[in-house]
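This is what each chain is made of:
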Amino acid sequence: MTGNGKRRTAVALALAATLAPATAAYASPAASASATAPAPVRALDRIAHPLRSTEPGAGTADLRALGAMVGGAKVVGLGEATHGSHEFFALKDRVFRYLVEQKGFTTFALEVSWSAGLRIDDYLQHGDGDARQVVHETMAGSPWDRSEFVTLVQWMRDHNRQHPDHPVHFMGDDIGAPGLDELVFDAVTDYVRRTRPESLPRLNDLLTGLRPLDDAIGYLERPLAERQQNATRAQQLLQLTERLGEPGNDDFEFALQNARNIAQTYTFLTLDVDAPDSLTAMERYRDQVMAETTTWWQRRTGDRILLSAHDDHVGYASSDPTTYPKTQGSFLRDTLGTDYLAIGTTFDRGSFLSKDQALGGEWKKFTVDPAGPGTNEYTLDQVRYGDYYADLRNAPAAAGKWLDTSRPTYEVGTQFPNDRTPEIAIGRAYDVLVHLHTVREASML
């Protein structure tokens, strides 16, 4: 593939990214770390807590230690080593239910567009009808157009019916891809029409050429100069909106956030697909945007948030630092400090859904063999529990050097395989790690 082709593939990947019975925990083939096991395995064995199941509704006793690890964190990032495995999606559902019921969490945030989050949250607060249809309409074509997310959204809607005084929310923290929904534009124009109608003509003038944005990938085919001009107009729209309200007013703050999402999206879409450094800069910007949106929501609502994204976003470092030089988790740590907790995931073997091409293509099943020597998973899978979690902040010294060394790992996004070998030092990337012995592909709608 040419350099330009690789860059276009990466761009498409960036935009695209935008229910079995419970099983008891079992001992891994290592059973327990013997005296002859490598020192890192023996050390990790001491801090491992068995995960009895990834399935929601499987009880909570085995999650109590995880609750202690969460402590008073306001935002907990829970990653996924693939964008298409049942166990990772089901685990997020199970953990969120536990955090809602036992730790007072009230928002599930996902790396989908801000407008998709608004539509799903409206269903949670007011909607009747079918959760399956809502998920499919808002996340069609994405990694999360899956039965596992239908189960999560249905539980959230049922929770709100049963607990109207303690509702839960769904929030999308990403840029507007694959498009900017009309409701985002309407939130800005409706506010100005109600409160500052004299400014509406200027607002509509700035929106010329910006509204609608139905196909972000197709939009990238437009000349760079045109896209840069539109980004300038979107920034002027944001600046105008900032002058039209009183900080702290809920209606104004919501309109301003929608104007901000418009500006952020058009800024991201000024990336130059022919310049390698441009993609890196814009992926850094995208992670910054996701962190800023999450922080804005937390500070505005006071909610405690479970943040769901790929491992390469929730952690403090990514497995591909050339493309993702600074992660959402790193930005959140800068802003929130210890009020942010990063939970990464690994798996030793199994199946997942991905694509074999970036533009178009169908989601399909891929399977990987048990991880080989020299990988993170080869050592992690020797710990005495097949599925477990561990607080890496409390790892014994014997595991410290191993945890802080970068080595190959399974990290799968929206295209598989690709032309790089993911590597990461898990002790530098995460506060807590969940390791699963095996995974299977998620269930497509």
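Chemist: Before we move on, could you go through the overall build of the protein chain and cite the residues and values that matter?
Modeler: The helix and strand tally for the protein chain stands at 18 helices and eleven strands. Taken over the C-alpha trace, the protein chain has a radius of gyration of 22 Å; the compact-globule value for 445 residues is 22 Å, and the two agree within 12%. For the protein chain, the spread of C-alpha atoms along the three principal axes comes to 75 × 55 × 40 Å. The buried share of the protein chain, taken over its 445 residues, is 57%.

Chemist: Give me the pairing of strand S4 (residues 169–174): which residues, what numbers.
Modeler: Of all six residues making up S4, six are buried, and the element is well covered by its neighbours. Side chains of S4 alternate between two faces, with His 169, Met 171 and Asp 173 and Phe 170, Gly 172 and Asp 174 buried alike. As defined by bridge partners, strand S3 (residues 107–113) adjoins S4 across five bridges and the pair is classed as parallel. Bridge pairing links Thr 107 to His 169 in S4.

Chemist: I'd like to hear about the packing of aromatic side chains, residue by residue, with values.
Modeler: Going through the model one piece at a time under the given rule, you end up with 16 aromatic pairs. Both rings, one in Trp 114 and one in Trp 297, keep their centres 6.3 Å apart while their planes meet at 75 degrees; by these two values the pair is edge-to-face. Note that Trp 114 is positioned in helix H5 (residues 114–126) and Trp 297 in helix H13 (residues 276–301), a separation of 183 residues in sequence. Seen in terms of ring centroids, Phe 347 and Phe 352 are 6.5 Å apart; in terms of plane orientation they differ by 75 degrees. Their pairing is edge-to-face. Take Phe 347: its relative accessible area is 0%, and that puts it in the buried class.

Chemist: Give me the packing of H5 against helix H7 (residues 147–162): which residues, what numbers.
Modeler: Where H5 contacts H7, the axes come no closer than 8 Å and their chain directions differ by 40 degrees. Taken together, the residues of H7 that come into contact with H5 (itself represented by Ile 120, Tyr 123, Leu 124, Gln 125 and His 126) are Val 153, Gln 154, Met 156, Arg 157 and Asn 160. Each residue belonging to the contact of H5 with H7 can be placed in one class, and the counts come to five nonpolar, four polar and one charged.

Chemist: I'd like a rundown of the pairing of strand S8 (residues 388–391), residues and numbers included.
Modeler: Along S8, one buried face is formed by Tyr 388 and Ala 390 and the opposite face, lined by Tyr 389 and Asp 391, is buried too. Strand direction decides the pairing type here: strand S1 (residues 48–50) and S8, joined by three bridges, are antiparallel. Within S8, the position partnered with Ala 48 by the bridge is Ala 390. Taken together, the four bridges between S8 and strand S11 (residues 432–439) define a ladder with antiparallel strand orientation. If you follow Asp 391 over to S11, its bridge partner there is Val 432.

Chemist: Would you mind going over unusual backbone geometry in detail, with residue names and values included?
Modeler: Here the amide bond leading from Arg 211 into Pro 212 is cis, since omega sits at 5 degrees, within 30 degrees of zero. Here Pro 212 lies in the loop between helix H9 (200–207) and helix H10 (216–219). Along the chain, Phe 416 connects to Pro 417 via a cis peptide bond; the corresponding omega equals -10 degrees. Mapping Pro 417 onto the fold places it in the loop between strand S9 (407–408) and strand S10 (423–424).

Chemist: Can you lay out the pattern of salt bridges for me, pointing to particular residues and giving the numbers?
Modeler: Under the defined criterion, the tally for this structure stands at 23 salt bridges. The salt bridge partner of Glu 80 is Lys 92, with a shortest N-O separation of 2.5 Å. Of the two residues, Glu 80 is situated in the loop between strand S2 (75–78) and helix H4 (86–103) and Lys 92 in helix H4; the sequence distance between them amounts to twelve residues. Considered together, Glu 80 and Lys 92 belong to a single accessibility category, that of buried residues. One salt bridge connects Lys 326 with Asp 334, and the closest N-O pair in it is separated by 2.8 Å. By relative accessible area, which is 17% here, Lys 326 ends up buried. Through salt bridges that share partners, Glu 111, Asp 174, Glu 283 and Arg 286 make up one connected network.

Chemist: Describe helix H11 (residues 224–242), and please don't skip the residues or the numbers.
Modeler: If you check H11, its first and last C-alpha atoms are 27 Å apart, about what 19 residues at 1.5 Å a residue would give, namely 27 Å. Arg 227, Asn 230, Ala 231, Ala 234, Leu 237, Leu 238, Leu 240 and Thr 241 are the residues of H11 that are buried. In this structure, the buried side of H11 is in contact with helix H8 (182–195), H9, H10 and helix H12 (250–268).

What counts, and where the lines are drawn
- Residues numbered from 1 in each chain as written.
- Predicted model: local features only at pLDDT ≥ 70, side-chain atom pairs only at ≥ 80, totals over all residues.
- Heavy atoms only, no water.
- Helix = DSSP H or I, 4+ residues; strand = E, 2+ residues; numbered from the N terminus.
- Rg over C-alpha atoms; globule rule 2.2 N^0.38 Å.
- Buried < 20%, exposed > 50% of the residue type's maximum accessible area, 1.4 Å probe, protein only.
- Pairing = 2+ DSSP bridges.
- Phe/Tyr/Trp six-rings, centres within 6.5 Å; stacked < 30°, edge-to-face > 60°.
- Axes fitted to C-alpha atoms, helices over the stretch in contact; angles between N-to-C directions.
- Contact = heavy atoms within 4.5 Å.
- Nonpolar A, V, L, I, M, F, W, Y, C, P; charged D, E, K, R; others polar.
- Salt bridge = Lys/Arg side-chain N within 4 Å of Asp/Glu carboxyl O.
- Expected span 1.5 Å × (residues − 1).

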